[in-house]
Amino acid sequence: DAGVTQSPTHLIKTRGQHVTLRCSPISGHKSVSWYQQVLGQGPQFIFQYYEKEERGRGNFPDRFSARQFPNYSSELNVNALLLGDSALYLCASRPRRRAHRETQYFGPGTRLLVL
Amino acid sequence: AQKVTQAQTEISVVEKEDVTLDCVYETRDTTYYLFWYKQPPSGELVFLIRRNSFDEQNEISGRYSWNFQKSTSSFNFTITASQVVDSAVYFCALTVTGANSKLTFGKGITLSVRP
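Throughout this document, residue positions are counted from 1 along each chain, in the order its sequence is written. A letter from A marks each chain and a number from 1 marks each ligand, given out in the order of writing. For a predicted model such as this one, the threshold for reporting local features is a pLDDT of at least 70, and the threshold for listing and counting side-chain atom pairs is 80 or more; totals across whole chains, interfaces and linings nevertheless cover every residue. Excluded from the side-chain calculations are hydrogens and water; all other atoms, namely the structure's heavy atoms, are used.

K.L.:
Explain the overall build of chain A here, please?
P.N.:
Each helix is a run of H or I in the DSSP string that is no shorter than four residues. Each strand is a run of E no shorter than two, and both are numbered from the N terminus. When helices and strands are tallied, chain A shows zero helices and 11 strands. The order of α-helices and β-strands along chain A, N terminus first, is β-β-β-β-β-β-β-β-β-β-β. Every radius of gyration here is taken over C-alpha atoms, with the globule rule written as 2.2 Å times N^0.38, N being the number of residues. For 115 residues, the compact-globule formula gives about 13 Å, and the C-alpha radius of gyration of chain A, at 14 Å, lands near that figure. A principal-axis box enclosing the C-alpha atoms of chain A has dimensions of 45 × 25 × 25 Å. Within chain A, the fraction of its 115 residues that count as buried is 50%. Contacts are assigned to residue pairs that have any heavy atoms within 4.5 Å of one another. In chain A, the share of contacts with a sequence separation of at least 24, taken over all contacts with a separation of at least 6, comes to 52%. Only the protein chains shown count as cover for residues, and the accessible areas themselves come from Shrake-Rupley with a 1.4 Å probe. Total accessible area on chain A is roughly 5700 Å²; 48% of this is exposed by carbon and sulfur atoms. Think of it this way: Lys and Arg go in the positive column, Asp and Glu in the negative one, and His and the chain ends go nowhere. Throughout, a charge is located at the NZ atom of Lys, the CZ atom of Arg, the CG atom of Asp or the CD atom of Glu. Each charge class in chain A can be summarised by its mean position, and for the 15 positive and 8 negative side chains these summaries are 3 Å apart. Burial classes follow relative accessibility: with a 1.4 Å probe on protein chains only, a residue under 20% of its type's maximum area counts as buried, one over 50% as exposed, and anything between as partly exposed.

This is the structure we're talking about:
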């Protein structure tokens, strides 16, 4: 089975622009989470979506938004980009089976550079 | 609130040496899950092991083993007979039941295995 996929792999934007990142979960997974990882740090939780509804949000400004589609894929949107938004953005999906409910599987990430 | 501390930042060993990565966590929840993820230079977080708070049995899986001790809030990870391919950043992470699957990560440990 295919793992979590993300697009694009790399992106360069300038300050003030808007960006959309995309994620497709593992087949059968209904939960998608987004994380931001700045250089030298561990990933930080941004959002979780389950069954197309936002179920959790981390400590990020309103410039960050997301949505989940009927096929369970997801988009992360960031408006008014700042230099500090430069990071690796990771998407993770979670299995349906209760026994493995809390294990998340990550995609390869999108590297965003804001100039 | 949850917290994960990985006091080691960088470890360098020679191939075939054993190496232990330390992790200390904080949570007030009685039900929680602990994880180790590996992040190679490609960026994708690879799931290694998962432990729930009710199971302190320590196990060995191939060259990997872990030592979970609730009394000291530690979840250490050992690689036996390290190989060059083990070179990566290793993250310890924690989630609590019902926390919308938010993972709290440590800052990571960079492991370099020299031939």
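Now that the structure has been shown, we can carry on.
K.L.:
Help me understand a nonpolar patch on the surface in this model?
P.N.:
Together, A:Ile12, A:Leu113 and A:Leu115 make up an exposed nonpolar region whose accessible area comes to about 300 Å². Turning to its location among the elements, A:Ile12 is positioned in strand E2 (residues 10-13). Residues forming no salt bridge and having over 30% relative accessible area are the ones grouped into patches, like charges within 9 Å of each other and nonpolar side chains (Val, Leu, Ile, Met, Phe, Trp, Tyr) within 5 Å. A side-chain nitrogen of Lys or Arg and a carboxyl oxygen of Asp or Glu constitute a salt bridge if their distance falls within 4 Å.

K.L.:
Please clarify how the interface of chain A and chain B should be interpreted in this entry.
P.N.:
Contacts between chain A and chain B engage 24 residues on the former and 22 residues on the latter. Seen at the junction of chain A and chain B, the total is zero salt bridges. Polar contacts, as used here, are pairs of N or O atoms within 3.5 Å; protein pairs need one atom able to donate a hydrogen and one able to accept it. Residues neighboring in sequence count only if both atoms are side-chain atoms. Linking chain A with chain B are five residue pairs in polar contact (both at pLDDT 80 or more). Sorting the residues of the side of chain A that touches chain B by element identifies strand E4 (31-37), strand E5 (44-50), strand E6 (53-57), strand E9 (87-94) and strand E10 (105-106) of chain A as the ones contributing at least two each. Broken down by element, the residue count for the side of chain A that touches chain B peaks at four residues, all from E4(A). Along the lines of polarity and charge, the residues of the side of chain A that touches chain B split into nine nonpolar, 11 polar and four charged. Just so you know the grouping, Ala, Val, Leu, Ile, Met, Phe, Trp, Tyr, Cys and Pro go in nonpolar, Asp, Glu, Lys and Arg go in charged, and all remaining residues, Gly too, go in polar.

K.L.:
Please explain the side chain of A:Lys30 as it appears in this structure.
P.N.:
For A:Lys30, the location among the structural elements is in the loop between strand E3 (19-24) and E4. Looking at A:Lys30, its side chain comes within polar contact range of the side chain of A:Glu51, at 3.0 Å.

K.L.:
I would appreciate a short explanation of the state of the cysteines in the present structure.
P.N.:
By definition, a disulfide links two cysteine residues through a covalent bond between their sulfur atoms. Residue and element names in this part refer to chain A. Any pair of cysteine sulfurs within 2.5 Å is marked as a disulfide. Throughout the structure, instances matching the rule amount to two disulfides over all chains. With a sulfur-sulfur separation of 1.8 Å, Cys-23 is cross-linked through a disulfide to Cys-91. Classification of the bridge connecting Cys-23 and Cys-91 rests on its S-S torsion, roughly -65°, and on that basis the disulfide is left-handed. Residue Cys-23 is found in strand E3, and its partner Cys-91 is found in strand E9; the two are separated by 68 residues along the sequence. Each member of the pair, Cys-23 as well as Cys-91, carries the same accessibility label: buried.

K.L.:
Quick question: what am I supposed to make of the pattern of salt bridges here?
P.N.:
Where charged atoms of side chains with opposite charge meet at close range, the side chains can pair. Residue and element names in this part refer to chain A. All told, the structure shown has seven salt bridges over all chains when counted by the stated rule. Among the salt bridges present, the one from Lys-30 reaches Glu-51, with a minimum N-O distance of 3.0 Å. Taken together, the residues Lys-30 in the loop between E3 and E4 and Glu-51 in the loop between E5 and E6 connect sequence positions 21 residues apart. Between Arg-67 and Glu-75 there is a salt bridge, and its shortest N-O distance comes to 3.3 Å. What makes Arg-67 partly exposed here is its relative accessible area of 44%. Connected via shared salt-bridge partners are Arg-22, Arg-67 and Glu-75.

K.L.:
Could you clarify how one ought to interpret the sheet that holds strand E8 (residues 74-78) of chain A in this entry?
P.N.:
Two pairing modes exist for strands in a sheet, parallel and antiparallel, and in both the strands are linked by backbone hydrogen bonds. All names here are of chain A. One bridge is not enough; two strands pair if DSSP finds at least two bridges between them. If you trace the four strands from one edge of the open sheet to the other, you get E1-E3-E8-E7, paired in antiparallel fashion. For this open sheet the edge positions go to strand E1 (5-7) and strand E7 (64-68), each flanked by a neighbour on one side alone. Looking at each pair of strands side by side, their axes are set apart by 15° on average, direction ignored. Interaxial angles span 0 to 180 degrees and are taken between N-to-C directions of axes, which are lines fitted to C-alpha atoms, for helices over the stretch in contact.

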